[in-house]
Amino acid sequence: FLAGTLSNSIAITADAFNNLSDAGSSIVTLLGFKLAGAKPDTEHPFGHGRIEYVSGLVVAAAILLMGYELVRDSIGKIMHPEETEFTLLVAVILIASILVKLYMAYYNRAIGKKLDSAATTVVLLASIFTHFTGIKIDGYCGLVVGLLVGYAGFDAARETLNPLLGQPPAHEFVEKIDEIVMSHSEVCGMHDLIVHDYGPGRQMI
């Protein structure tokens, strides 16, 4: 964000907000885990597990709003381009950001997370390109990042809304239940399986 402010670049600022949304998402998610772990009580006999989905929805809404703001500002920058200032400090900040993201990708590889160091790399290359050619592509790069942020928000909203609205259980989950039930010789068959989802690991079947 400091680099974007110093250089007057909407693309760099958009990438900064993309990173900030990741950090904010982590904080809200951790808070959601904490609240979801509360024991059942008289008002919530099935526990508080769905708070994880609600916190995910809050994160998704914030990301969508951020994506909208970035797209709007980027379109304004495309229509009314401004000079951007690419300095050594800006380059150092962006390169440091790329290195940190690459380290995080390596660190989190074991649990299947992937991080968008490529987005910051594109922003850095675009800043260098504009600096040496004078062709103003900053707004277009900001628009791309803004659309990516918006898509991430939409995807997050879909993933949290579906279990809240009552999505059907996964095929593999149904097969596992069928295997457990039919392993008893007294059971003749199974039909009309209904699964109520009260949060990760809290299903009533």
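For the structure, see preceding data.
Residues numbered from 1 in each chain as written. Predicted model: local features only at pLDDT ≥ 70, side-chain atom pairs only at ≥ 80, totals over all residues. Heavy atoms only, no water.

Asker: Could you give an account of the overall build of the protein, naming the residues involved and the relevant values?
Answerer: Along the backbone of the protein there are seven helices and two strands. Shown N-terminal to C-terminal, the secondary structure of the protein runs as helices and strands in the order α-α-α-α-α-α-α-β-β. Classification of the 205 residues of the protein by burial places 31% in the buried group. For the protein, restricting intrachain contacts to residue pairs at least 6 apart in sequence, the fraction spanning at least 24 positions comes to 66%. Total accessible area on the protein is roughly 13,200 Å²; 68% of this is exposed by carbon and sulfur atoms. (Helix = DSSP H or I, 4+ residues; strand = E, 2+ residues; numbered from the N terminus. Buried < 20%, exposed > 50% of the residue type's maximum accessible area, 1.4 Å probe, protein only. Contact = heavy atoms within 4.5 Å. Areas by Shrake-Rupley, 256 points an atom, 1.4 Å probe, with all protein chains shown as cover.)

Asker: Can you tell me about the packing of helix 3 (residues 51-79) against helix 6 (residues 138-165), naming the residues and giving the values?
Answerer: At a minimum axis distance of 7 Å, the contact between helix 3 and helix 6 shows a crossing angle of 160°. Taken together, the axes of helix 3 and helix 6 lie roughly antiparallel to each other. You can see that helix 3 and helix 6 cross each other, and the crossing is left-handed. In terms of residue class, the contact of helix 3 with helix 6 is built from 21 nonpolar, nine polar and two charged. (Axes fitted to C-alpha atoms, helices over the stretch in contact; angles between N-to-C directions. Parallel < 35°, antiparallel > 145°, perpendicular 65-115°, else oblique. Left-handed = near helix turned anticlockwise from the far one by under 90°. Nonpolar A, V, L, I, M, F, W, Y, C, P; charged D, E, K, R; others polar.)

Asker: Any chance you could break down the pattern of salt bridges for me, citing the residues and the numbers?
Answerer: Scanning the model with the defined rule gives three salt bridges in all. As a salt-bridge pair, D73 and R72 come within 3.6 Å of each other at their nearest N and O atoms. One salt bridge in this structure joins D155 and R158, with 2.4 Å as the shortest N-O distance. Here D155 and its partner R158 are both found in helix 6, three residues apart, which amounts to about one turn of the helix. Overall, the relative accessible area of 22% leaves D155 in the partly exposed class. Judged by relative accessible area, R158 falls into the partly exposed class, the value being 41%. Because the salt bridges share partners, they merge into one network encompassing E69, R72 and D73. (Salt bridge = Lys/Arg side-chain N within 4 Å of Asp/Glu carboxyl O.)

Asker: Give a description of the packing of helix 2 (residues 10-36) against helix 3 that names residues and reports values.
Answerer: Taken N-terminus to C-terminus, the directions of helix 2 and helix 3 make an angle of 170°; their axes are 8 Å apart at the nearest point. Taken together, helix 2 and helix 3 sit at an angle that is classed as roughly antiparallel. Counted together, I10, A14, F17, S21, S25, V28, G32, F33, L35 and A36 of helix 2 and I51, E52, S55, V59, I63, M66, L70, D73, S74 and K77 of helix 3 form the full contact between these two elements. A breakdown of the residues in the contact of helix 2 with helix 3 according to their chemical character gives 12 nonpolar, five polar and three charged.

Asker: I'd like a rundown of the packing of aromatic side chains, residues and numbers included.
Answerer: Considering all chains together, one arrives at one aromatic pair under this definition. Consider the rings of F46 and Y198, whose centres lie 4.5 Å apart with planes at 15°: the pair is stacked. Taken together, the residues span a long stretch of sequence, with F46 in the loop between helix 2 and helix 3 and Y198 in the loop between strand 1 (196-197) and strand 2 (203-204) at a distance of 152 residues. In this structure Y198 comes out as buried when scored by relative accessible area, which is 18%. (Phe/Tyr/Trp six-rings, centres within 6.5 Å; stacked < 30°, edge-to-face > 60°.)

Asker: Report on helix 2, specifying residues and quantitative values.
Answerer: The α-helix advances 3.6 residues per turn, and as a result positions three or four apart in sequence lie on the same side. In this model, helix 2 (27 residues) spans 38 Å end to end at C-alpha, consistent with the 39 Å of a helix rising 1.5 Å per residue. Listing the buried residues of helix 2 in full gives I10, A11, I12, T13, A14, D15, A16, N18, S21, S25, G32 and A36. Structurally, the start of helix 2 carries an N-cap: the backbone nitrogen of I12 is 3.2 Å from a side-chain oxygen of S9. (Expected span 1.5 Å × (residues − 1). Polar contact = N/O pair within 3.5 Å; in protein donor to acceptor, adjacent residues only side chain to side chain.)

Asker: Describe the nonpolar core, naming the residues involved and giving the relevant values.
Answerer: With 19 residues, the main nonpolar core has I12 and V90 as its most contacted residues. Mapped onto this core, the elements with two or more residues apiece are helix 2, helix 3, helix 4 (88-108), helix 5 (117-133) and helix 6. With near-sequence residues (within four places) excluded, V90 lies in contact with A3, L6, S7, I12 and E85. (Core = buried A, V, L, I, M, F, W, Y, C linked by side-chain atoms within 4.5 Å.)

Asker: Residues and numbers for a nonpolar patch on the surface, please.
Answerer: Taken together, the side chains of V100, Y103, M104 and Y106 make up a nonpolar region of the molecular surface, amounting to roughly 450 Å² of accessible area. The residue M104 is located in helix 4 in this model. Residue M104 is classed as partly exposed on the basis of its relative accessible area of 35%. (Patch = residues over 30% accessible without salt bridge, like charges linked within 9 Å, V, L, I, M, F, W, Y side chains within 5 Å.)

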